[in-house]
Amino acid sequence: MAVPKWTFPLCRLILGNPKVPAILNAPLLKQETPSKFPVIVFSHGLGGQRTTYSVVCSEMASRGYLVASIEHRDGSASATYVTRQEDDGKTQTVEWIPMTPKPEGDEYPVRNKQVHERADELGHMLDLLVTMDQGSNINNLCKTGMDLSQFKDKLDLDRVAAMGHSFGGASSLVSLYRDPRLKCAVILDGWMLPVDREMYPQISQPILFINTEAFHWPGNIVRMNRLMGMDGVDRKMITIKGSVHQSQSDFTFLFGEFFGTRVHSRGPLDPHVVIDINNEASLAFMAKHLDLPGGDYNSAVLEGEGEHLIKGTNVKLDPRPAKEEQADTSVEKPTPDEAKL
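All residue numbers refer to position in the chain's written sequence, counted from 1. The predicted nature of this model means local features are confined to residues of pLDDT at least 70 and side-chain atom pairs, given and counted, to a pLDDT of 80 or more, with totals for whole chains, interfaces and linings taken over all residues. Excluding hydrogens and water, the side-chain values take into account all heavy atoms of the structure.

Engineer: Could you clarify how one ought to interpret the nonpolar core in this entry?
Structural biologist: The tendency in soluble globular proteins is for nonpolar side chains to be buried side by side. Ranked by internal contacts, the top residues of the largest apolar core, which has 41 residues, are Val41, Leu129, Leu173, Ile207, Phe209 and Leu227. Ignoring anything within four residues of it in the chain, the contact list for Leu227 reads Leu173, Met192, Tyr200, Ile203, Ile207, Phe209 and Arg235. Ile40, Phe42, Ala161 and Met286 belong to the second largest nonpolar core, which has 32 residues in total. Only buried residues count toward a nonpolar core, which is a set of Ala, Val, Leu, Ile, Met, Phe, Trp, Tyr and Cys residues joined through side-chain atoms within 4.5 Å. Accessible area is worked out with a 1.4 Å probe on protein chains only. A residue is then buried under 20% of its type maximum, exposed over 50%, and partly exposed in between. Should any heavy atoms of two residues lie within 4.5 Å, those residues are counted as being in contact.

Given below as structure tokens:
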């Protein structure tokens, strides 16, 4: 039986484009002039996974970065697993780690514990990248088929940036505090609640906050502002108009316009325009602070110049100190959930 022609435009209204322009286990690009790849370690948001940010990570990789996207095992991923090898050296077991339910009452102790676990994992990832660059043997229990030996002497570990979305943004900030190997960070819609307050004045690396228009509230921006204005350190904040929290992830492309706007996975602005601005700003900031050759990146976007940009934030803050403190501690927004559509 033939499928009616009207079903195809209907599907386009509901479904987006799930295709990722990448090749599984593709070999490293062979360059005429030997050079090393700068590195990005990427941390996903609450309810996300390592695979749900391909619109960001694949673009960074296409511009010459090695991107190491982590799937956290602290109970913040929508689902993940650990493969373990038993003492006999042959038997393998798989342990599934479900997502931890949202805690009742004060959320900070639980999320603060998780963000430190996440920062530990980011540190372990950097250690693994060092091992890969040295050409040491790595026993990958996942058996992905990726030839890790090709990374020997290919990673520029003096040029490493952290990048993360929402809870991953908080994880990146804690990692900046703990690991001087990270030279800068790009924070996508950072969720600031989990970060220890005493860490703020001790973070010394450059930071770019790229915010969406619909996500933020006074308490979150107050925390971000504590990291702004450090003498001699480049800190910038821009907001993309017409964007929502999922605009910086793959979720915004999984549904068509009709359905996507109704489940709040996309905002009024075309999601392709949003992600292009997001990636352009990220690339410009990292190129500057990782001292990468070539000056063809659009630095104006970092100053909030453009039709769809706001320099700083669209959130209105009460300037009175007492009110600022109140906004800092109040629970004005639900826990962000990148997978909630």
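Engineer: Help me out: how do you make sense of helix 3 (residues 108-134) in this one?
Structural biologist: The α-helix winds at 3.6 residues per turn, so residues separated by three or four positions along the chain end up facing the same way. Note on conventions: DSSP H or I runs of at least 4 residues are helices, E runs of at least 2 residues are strands, and numbering of each starts at the N terminus. Any helix carries an expected span of 1.5 Å times its number of residues minus one. Between the first and last C-alpha of helix 3 there are 39 Å, a value that for 27 residues agrees with the 39 Å anticipated at 1.5 Å per step. After helix 3 finishes, the residue Gly135 shows a positive phi value of roughly 80°.

Engineer: Please explain unusual backbone geometry as it appears in this structure.
Structural biologist: Most of the time, phi is negative for any residue but glycine, and the peptide bond is trans. Backbone geometry at Asn25 places phi at a positive 55°, although glycine is not the residue there. Judged by relative accessible area, Asn25 falls into the partly exposed class, the value being 31%. Of note, Asp189 is a non-glycine position whose phi angle comes to about 50°, a positive value. Position of Asp189 relative to the elements: it lies in the loop between strand 6 (184-188) and strand 7 (207-212). Classification of Asp189 as buried rests on a relative accessible area of 0%.

Engineer: Quick question: what am I supposed to make of the pattern of salt bridges here?
Structural biologist: Opposite charge on two side chains allows them to pair when their charged atoms are near. Definition used for salt bridges: Asp or Glu carboxyl oxygen within 4 Å of a side-chain nitrogen of Lys or Arg. Under the counting rule described, the total for this entry stands at 15 salt bridges. Between Glu117 and Lys113 there is a salt bridge whose closest N-O contact spans 2.8 Å. Pair noted here: Glu117 and Lys113 are both in helix 3, with a separation of four residues, about one helical turn. Arg159 serves as the salt-bridge partner of Asp156, at 2.8 Å between the closest nitrogen and oxygen. On the basis of relative accessibility, which here comes to 26%, the residue Arg159 falls in the partly exposed class. A cluster of three or more residues bridged by salt bridges with shared partners is formed by Asp234, Lys236, Lys288, Glu303 and Lys311.

Engineer: What is the right way to read the sheet that holds strand 1 (residues 37-43) from this model?
Structural biologist: Sheet strands associate in pairs through backbone hydrogen bonding, adopting either a parallel or an antiparallel arrangement. Here, strands pair whenever DSSP counts at least two bridges between them. Across the sheet, which stays open at both edges, the seven strands sit in the order 2-1-5-6-7-8-9 with mixed pairing between neighbours. Looking at strand neighbours, the two that pair on one side only are strand 2 (66-70) and strand 9 (309-311), the edges of this open sheet. Across this sheet, the average inter-strand angle for adjacent strands is 20°, counted without regard to direction. When strand 5 (residues 155-165) meets strand 6, the two strands line up parallel, connected through five bridges. Bridging across to strand 6, Gly164 finds its partner in Ile187. In this description, a line fitted to the C-alpha atoms serves as the axis of each element, helices being fitted only across the stretch in contact, and the angle between N-to-C directions of two axes falls anywhere from 0 to 180 degrees.

Engineer: Whenever I open this one, the pairing of strand 6 confuses me. Can you help?
Structural biologist: The side chains of a regular strand alternate between the sheet's two faces. By the criterion of burial, strand 6 is predominantly enclosed, with five of the five residues buried. Because side chains alternate across strand 6, one face comprises the buried residues Cys184, Val186 and Leu188, and the other comprises Ala185 and Ile187, equally buried. Looking down the strands as they point away from you, a crossover is right-handed if its path from the first strand over the helix to the second goes clockwise. Crossover connection from strand 5 via helix 4 (residues 167-178) to parallel strand 6: handedness right-handed. Relative to strand 7, strand 6 runs parallel, the two being bridged by four bridges. From the neighbouring strand, Val186 faces strand 7, where its bridge partner is Leu208.

Engineer: Looking at this structure, how should I read the packing of helix 3 against helix 4?
Structural biologist: Packed helix pairs are characterised by how far apart their axes lie and by the angle those axes make with each other. For the pair helix 3 and helix 4, the least separation of the axes is 8 Å and the interaxial angle reads 65°. The interaxial crossing formed by helix 3 with helix 4 has right-handed handedness. Residues Arg111, Gln114, Val115, His116, Arg118, Ala119, Asp120 and Leu122 of helix 3 form the contact with helix 4, whose own contacting residues are Phe167, Gly168, Ala170, Ser171, Ser172, Val174, Ser175 and Arg178. Charged residues are taken to be Asp, Glu, Lys and Arg, nonpolar residues to be Ala, Val, Leu, Ile, Met, Phe, Trp, Tyr, Cys and Pro, and polar residues to be all remaining types, Gly included. Across the contact of helix 3 with helix 4, the residue classes break down as six nonpolar, six polar and four charged. Crossing handedness is read from the near helix: turned anticlockwise from the far helix by less than a right angle, it gives a left-handed crossing, and turned clockwise, a right-handed one.

Engineer: Quick question: what am I supposed to make of a nonpolar patch on the surface here?
Structural biologist: Distance thresholds for patches are 9 Å for like charges and 5 Å for nonpolar side chains (Val, Leu, Ile, Met, Phe, Trp, Tyr), applied to residues having over 30% relative accessible area and no salt bridge. All accessible areas in this document rest on Shrake-Rupley with a 1.4 Å probe, and a residue is counted as covered only by the protein chains that are shown. Together, Tyr81, Val94 and Trp96 make up an exposed nonpolar region whose accessible area comes to about 330 Å². The residue Val94 is located in strand 4 (residues 92-98) in this model.

Engineer: Just checking my understanding: could you explain the environment of Glu95 for this structure?
Structural biologist: Of note, Glu95 is situated in strand 4. Assessed through its relative accessible area of 38%, Glu95 is described here as partly exposed. With twelve residues separating them in the primary sequence, Glu95 and Thr83 have C-alpha atoms 6.4 Å apart. Setting aside residues no more than four positions away along its own chain, Glu95 makes contact with Thr80, Tyr81, Val82 and Arg84. Each polar contact in these results corresponds to two N or O atoms within 3.5 Å; when the atoms are within protein, one needs to be able to donate a hydrogen and the other to accept it, and residues that are neighboring in sequence are counted only if both atoms are side-chain atoms. Within the local environment of Glu95, its side chain forms a polar contact with the side chain of Arg84, the two groups lying 3.0 Å apart.

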